[in-house]
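# Reading the structure
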Amino acid sequence: MPMIGRKGSFESKVRSELPVLYRVARRLCGCPTEAEDLVGQTLMKACRGWDGFDGRFLRSWLIQILRREFYDRRRQANAAPLVLDLEEIDLVDDGDWSAVDWKLAAERILDELDRLPEEYRLAVQLCDVEEMSYEEAAEAMEVPIGTVRSRLYRGRAQLRQRLSAFVAEEEVS
Amino acid sequence: VNEKLQGYIDGTLAANERREVEAAAASDPAVRAELQGLQAYRAAIRAAGRGEAVPEEALSRRLREAAAAGRDCSKRPWWAIAAPVALAALMIFGWLTLTADPMRLNQTRTAAILEGPTPEQASVWVRQRTGMPAPTVEVPAAHLVSSRYGRGWACYDFEVGGHTYFLYMSEDHEPLRHGEEQDGFFVGPRGIGWIEGQLALYLRGGDPESRREFAETLRGALKTPVNSEL
């Protein structure tokens, strides 16, 4: 299929995005095999839709397909629902960033990241791990930029609270 | 302050705001420590997230497979692609026509879901999000699993004695008129509806008998909000 003007061939353009797609899939699924399968299905759909891609924000477009595929699968599996909207939960941010020992093992940090509510987790993954801009993340998550900002803010705050608590426990023990 | 600092590390502040943060960090040790903590967080989470093993070989294979499937697809003549699509569309249309629910209120996709709310939380949430005077429904034997809404409708999902029920609500009463009127209810093949103040309520799920019974229980248990403007 596709040699499409300025967008280039599907295969060559998408190749560099594979690690990002896999990491995002991993955050959503939790399981490596499932994540690989989700990326495979995403690539199939993306390839089919390549003609319709507007050439802007390739990464966001791919993550958008991946998210939709993930939610479709989950809905079919009759597990948890489509979007868990957590905007009502009040979070008192009285923490202190300097209180966390960031030399914590990477595994521990990722464990805590995986325990965040899904939409916060995704915001943190996209903006902090993958360094996407608010605009790119908004496109990928299909929400307004302000929502990305608030989810990121809340996600970071929860992460910090949990890791601070962990550091405090470690110090006591 | 925290929001400003986060804006600073995210690179979203204007030049004058960045200078303000830098000046505050230079003069206030607490702000400086907080900023350094945030920067350390960013570095740590990036290193942790990107340090995970990625199955590069397997992903490359998946990419080749996807591209090959795309190539195969584009080589086929247009009618070889269009014919199965048209056939599938025809079958779906036929199936939808045969199984269509004339009283269906839910016409658009779900915009958001609130899982495990209390009856009060579900009502407030739907009212805030949709502006509809969503009632509070407290039935001791029924477990409210979630509440949802889309454009022009909302729904409470219940589990009762092994059955799942969906109580849809909308300000559009018209779909209910397609049902057969019986003792103040509109009864259709897939659901049972009634009108409560401004709202058309429509219950789906379960079998017709248990559905009717649950609809009667619900009708007696609805508490319409006193003030729907929150």
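Our subject is the structure listed above.
Summarised in this report is the structure supplied together with it. (Residues numbered from 1 in each chain as written. Chains lettered and ligands numbered in written order. Predicted model: local features only at pLDDT ≥ 70, side-chain atom pairs only at ≥ 80, totals over all residues. Heavy atoms only, no water.)

The next subject is the overall build of chain B. Helix and strand counts for chain B stand at seven helices and ten strands. Considering chain B as a whole, with its 230 residues, one finds that 43% of them fall into the buried category. Restricting the contact set of chain B to residue pairs at least 6 apart, pairs at least 24 apart contribute 56%. Entry remark: accessible area of chain B is about 12,600 Å², with carbon and sulfur atoms responsible for 54%. (Helix = DSSP H or I, 4+ residues; strand = E, 2+ residues; numbered from the N terminus. Buried < 20%, exposed > 50% of the residue type's maximum accessible area, 1.4 Å probe, protein only. Contact = heavy atoms within 4.5 Å. Areas by Shrake-Rupley, 256 points an atom, 1.4 Å probe, with all protein chains shown as cover.)

Glancing now at the interface of chain A and chain B. Many analyses report the size of an interface as the accessible area lost when the parts associate. Contact residues are listed per partner, giving 48 residues for chain A and 45 residues for chain B. Surface buried jointly by chain A and chain B totals about 4,300 Å² across both partners, of which 60% is contributed by carbon and sulfur atoms. At the junction of chain A and chain B, the tally comes to nine salt bridges. Taking the shortest distance from any N to any O, the salt bridge between Asp 37 of chain A and Arg 62 of chain B comes out at 3.4 Å. There are ten residue pairs in polar contact (both at pLDDT 80 or more) connecting chain A and chain B. (Buried area = accessible area lost by both parts, 1.4 Å probe. Salt bridge = Lys/Arg side-chain N within 4 Å of Asp/Glu carboxyl O. Polar contact = N/O pair within 3.5 Å; in protein donor to acceptor, adjacent residues only side chain to side chain.)

Attention shifts here to unusual backbone geometry. One non-glycine residue with positive phi stands out, namely Glu 142 of chain A, at about 60°. For Glu 142 of chain A, the position within the fold is in the loop between helix H7 (134-141) and helix H8 (145-172). One non-glycine residue with positive phi stands out, namely Asp 183 of chain B, at about 50°.

Before going further, it helps to spend a moment on the side chain of Arg 27 of chain A. Relative to the helices and strands, Arg 27 of chain A resides in helix H2 (residues 18-29). Here the side chain of Arg 27 of chain A touches Glu 52 of chain B through a polar contact of 3.0 Å, side chain to side chain. For Arg 27 of chain A, the residues in contact, after removing those within four places along its chain, are Leu 110, Leu 113, Asp 114, Arg 121 and Gln 125 of chain A together with Glu 52 of chain B.

Another point: H7 of chain A. Residues and elements named next belong to chain A. Buried within H7 we find Tyr 134, Ala 137, Ala 138, Ala 140 and Met 141. What you see down the axis of H7 is that its buried residues fit within an arc of 165°, all on one side. Downstream of H7 by a residue or two, Glu 142 has a phi angle that is positive, lying close to 60°. (Arc of directions from axis to C-beta.)

A few words now on the nonpolar core. Grouped together as the largest cluster of nonpolar side chains are 69 residues, with contacts concentrated most on Phe 10, Leu 43 and Leu 126 of chain A. Sequence-distant contacts of Leu 126 of chain A, that is, excluding residues within four places in its chain, are made with Val 24, Ile 63, Glu 131, Met 132, Ala 137, Ala 140 and Met 141 of chain A. Within the second largest apolar cluster, 30 residues are counted, among which are Leu 114, Ala 122, Val 137 and Tyr 156 of chain B. (Core = buried A, V, L, I, M, F, W, Y, C linked by side-chain atoms within 4.5 Å.)

This part is about the state of the cysteines. Residues and elements named next belong to chain A. The final tally for this structure, using the stated rule, is zero disulfides over all chains. Looking at the unpaired Cys 29, the closest cysteine sulfur is the one in Cys 31, lying at 7.2 Å. Assessed through its relative accessible area of 17%, Cys 29 is described here as buried. (Disulfide = S-S within 2.5 Å.)

Before going further, it helps to examine the pairing of strand E3 (residues 143-150) of chain B. All names here are of chain B. A large share of E3 lies buried, amounting to six of its eight residues. For strand E1 (residues 112-115) and E3, the ladder comprises four bridges, and the chain directions are antiparallel. Along E3, the bridge assignment pairs Ile 113 with Arg 148. Relative to strand E4 (residues 153-160), E3 runs antiparallel, the two sharing seven bridges. Within E4, the position partnered with Ser 147 by the bridge is Tyr 156. Here E3 folds back onto E4, and the loop between the two strands holds two residues, one of which, Gly 152, carries a positive phi near 85°. (Pairing = 2+ DSSP bridges.)

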